[in-house]
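# Survey of secondary and tertiary structure
One letter stands for each residue in the lines below.
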Amino acid sequence: MQFGIFSVSDITRDPVSGETPSEAERIDAIVQIAEKAEEVGLDVFAIGEHHNPPFFSSAPTTLLSHIAAKTRKLIVSTATTLITTNDPVRIAEEYAMLQHLAKGRMDLMLGRGNTAPVYPWFGQDIRQSLPLALENYNLLHRLWREDVVDWEGKFRTPLQGFTSTPRPLDDLPPFVWHGSIRTPEIAEQAAYYGDGFFANNIFWPKEHYMRLIKFYRQRYAHYGHGTEKQAVVGLGGQAYIAKRSQDAISEFRPYFNEAPVYGHGPRMEDFMEQTPLSVGSPQEVVDKTLTFREHFGDYQRQMFLMDHAGLPLKTVLNQLDLLGEEVVPVLRKEMESRQDPETAKPPTHAGRLKEKYGDKPARQPRPNANRGDNVTGGSPYQDER
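Keep in mind that this is a model prediction, so the values were computed, not measured.

Check the secondary structure of the protein chain and you find 12 helices and 13 strands. At 21 Å, the protein chain has a C-alpha radius of gyration in line with the 21 Å of a compact globule built from 385 residues. Counting only C-alpha atoms and orienting by the principal axes, one finds that the protein chain spans roughly 70 × 45 × 40 Å. Buried positions account for 52% of the 385 residues belonging to the protein chain. For the protein chain, restricting intrachain contacts to residue pairs at least 6 apart in sequence, the fraction spanning at least 24 positions comes to 70%. On the protein chain, roughly 17500 Å² of surface is accessible, and the fraction owed to carbon and sulfur atoms is 51%. One way to put it: in the protein chain the 43 positive side-chain charges average out to a point 3 Å from where the 51 negative ones average out.

With that settled, consider the packing of helix 2 (residues 60–70) against helix 3 (residues 88–101). Between helix 2 and helix 3, the shortest axis-to-axis distance is 10 Å and the interhelical angle comes to 5°. It follows from the interaxial angle that helix 2 and helix 3 lie roughly parallel. Every residue of helix 3 that contacts helix 2 at P60, T61, L64 and S65 is listed here: E94, Y95, L98 and L101. Of the residues in the contact of helix 2 with helix 3, the class split is 5 nonpolar, 2 polar and 1 charged.

With that settled, the discussion passes to the pairing of strand 2 (residues 44–47). Each regular strand carries side chains that alternate between the two faces of the sheet. Residues of strand 2 alternate between two faces, with V44 and A46 on one and F45 and I47 on the opposite face, all of them buried. The pairing of strand 1 (residues 2–7) with strand 2 spans 4 bridges and is classified as parallel. By the bridge assignment for strand 2, G4 is matched with V44. Bridge count between strand 2 and strand 3 (residues 75–78): 4 bridges; the pairing is parallel. Paired with V44 across the strands is I75, a residue of strand 3.

Summarising the element assignment, K36 is placed in helix 1 (residues 23–39). Judged by its relative accessible area of 14%, K36 falls in the buried class. At a separation of 3.0 Å, a polar atom in the side chain of K36 contacts the side chain of D321. Those residues in contact with K36 that sit more than four places away from it in its chain are L317, L320 and D321.

Let's shift gears to helix 1. A rise of 1.5 Å per residue sets the reference length of helix 1, with its 17 residues, at 24 Å; its end C-alpha atoms lie 24 Å apart and thus fit the reference within 8%. On the buried face of helix 1, the contacting elements are strand 1, strand 2, helix 2 and helix 11 (313–338).

Time to look at the nonpolar core. Of all hydrophobic cores here, the largest spans 102 residues; its most connected members are I5, L42, F45, Y216, F252 and L323. Ranked by residues supplied to this core, first place goes to helix 11 with 9 residues.

Take a nonpolar patch on the surface next. Residues F203, W204 and V261 make up a contiguous nonpolar surface patch of about 280 Å² in total accessible area. With a relative accessible area of 36%, W204 lands in the partly exposed category.

According to UniProt, the positions carrying the feature "domain: Luciferase-like" (unreviewed entry) are residues 1–295. Counted over residues 1–295, helix gives 42% and strand 16%. Its end C-alpha atoms are 17 Å apart.

This part covers helix 5 (residues 129–143). When the terminal C-alpha atoms of helix 5 are compared, their 21 Å separation across 15 residues agrees well with the 21 Å that a helix rising 1.5 Å per residue should span. Residues of helix 5 that are buried include every one of S129, L132, A133, E135, N136, Y137, L139, L140, H141 and L143, and no others.

By the secondary structure assignment, A68 is in helix 2. The exposure class assigned to A68 is buried, which follows from its relative accessible area of 5%. Contacts of A68, omitting those with residues within four sequence positions, involve V76, A102 and R105.

Turning our attention to the sheet that holds strand 8 (residues 175–180). For sheets, the rule is that strands pair by backbone hydrogen bonds, running either parallel or antiparallel. Within the open sheet, the 9 strands sit side by side as 3-2-1-13-10-9-8-5-4. Their pairing is parallel. If you trace the sheet from one side to the other, it starts and ends with strand 3 and strand 4 (81–82), each paired once.

The rolling of a water-molecule-sized probe over the atoms marks out the regions of remaining empty space. Size it by volume and the largest pocket reaches roughly 1000 Å³. Taken together, the elements giving at least two residues each to the lining of the largest pocket come down to strand 1, strand 5 (107–111), helix 4 (118–121) and strand 8. Looking at the lining of the largest pocket element by element, the count peaks at 3 residues for strand 5. Tallied by class, the residues present in the lining of the largest pocket amount to 23 nonpolar, 18 polar and 4 charged. Looking at the second largest pocket, it is lined by 21 residues, and the ones nearest its centre are F175, V232, P347, R352 and E355. Where the lining of the second largest pocket is concerned, the elements lending two or more residues are strand 8 and helix 12 (349–357). Of the residues forming the lining of the second largest pocket, the biggest block, 4 residues, is contributed by helix 12. Considering only residue class, the lining of the second largest pocket consists of 11 nonpolar, 4 polar and 6 charged.

Definitions and limits used
Residues numbered from 1 in each chain as written. Predicted model: local features only at pLDDT ≥ 70, side-chain atom pairs only at ≥ 80, totals over all residues. Heavy atoms only, no water. Helix = DSSP H or I, 4+ residues; strand = E, 2+ residues; numbered from the N terminus. Rg over C-alpha atoms; globule rule 2.2 N^0.38 Å. Buried < 20%, exposed > 50% of the residue type's maximum accessible area, 1.4 Å probe, protein only. Contact = heavy atoms within 4.5 Å. Areas by Shrake-Rupley, 256 points an atom, 1.4 Å probe, with all protein chains shown as cover. Lys, Arg positive; Asp, Glu negative; His and termini not counted. Charge placed at Lys NZ, Arg CZ, Asp CG, Glu CD. Axes fitted to C-alpha atoms, helices over the stretch in contact; angles between N-to-C directions. Parallel < 35°, antiparallel > 145°, perpendicular 65-115°, else oblique. Nonpolar A, V, L, I, M, F, W, Y, C, P; charged D, E, K, R; others polar. Pairing = 2+ DSSP bridges. Polar contact = N/O pair within 3.5 Å; in protein donor to acceptor, adjacent residues only side chain to side chain. Expected span 1.5 Å × (residues − 1). Core = buried A, V, L, I, M, F, W, Y, C linked by side-chain atoms within 4.5 Å. Patch = residues over 30% accessible without salt bridge, like charges linked within 9 Å, V, L, I, M, F, W, Y side chains within 5 Å. Salt bridge = Lys/Arg side-chain N within 4 Å of Asp/Glu carboxyl O. UniProt positions renumbered as here; feature names shortened; annotations may be inferred. 1 Å grid on protein atoms, 1.4 Å probe; cavity = no way out; pocket = protein on both sides within 12 Å on 5 of 7 lines; lining within 4 Å. Points joined across faces, edges and corners; volume = space filled by probe spheres on them.

Pasting the structure below:
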């Protein structure tokens, strides 16, 4: 099982010190957080995508390429890549390049986001959000699997004889997760293509996500990708850890009370009871996280939100020490001992490469010669297929 952290890239005032970090400080901090994640033994780091203050991650592939260059084993991913307002052609090109630079240590999670104004900023209509997500991914899926694409849809100009470059590393498209908080059509889409489904698992009671995940598993099996147990599921989560639970509660309370999303609302204790939020000792975080398997079945990836609500960098790094040293090792052992043997392995480039090619060498696309007009003609690659 894979464990990691994800960030929404918020820049939030620290309610204890009263200070708000600059964009430069927050960008420097997120790189340190990612490096720390690898240092303490986590598997994955993911960043969200936003195009407005108070967030900084408007160019996730640039940030993730930098993090991949500074790490050795860490899988870099996204906590949302906006499939609705990004051109699928640019997603295909940018994430294939990231895949090459990271030597396969990457995947991405597609989503529609939760910021309504972003749609007109990028020339789209929020009322077409769901059709955009479905059509754009249909094109993206083809761009990574077909050397030459002819395509026509509703939301962008047609493509004739188009080749997305670079081709995916080893001619193996990046693994895709489809993230959703409430939309069964997105779970259906993930199941149809045999992709992963990621449930945010932060703000809602477990029953909400249980319905979505159960539906995804059923449809995954319906489309012939495997059994319901073999469906690929990822979960979010949120934790604040201290050696003593009373210290965790007292330290995190001012951040909870002022948090942009749920601050000035429910009591922290009520929110902990009703949602996946864990605030307590390492053992309490372990115990609550283990209940996720009871509710959702065996799954492949567990991500934690650790750096939000204005928590200072020093605190986040200390949180990662506790997560990596006292929580995740116990979770790995417990999850492995309880896991159904039919459960699919977590997606990795090496594992998927083996599934596709076995012991044969992977395809390495080599372009045909430039005709003199910066194109190669109708057959772009020497091993035309």
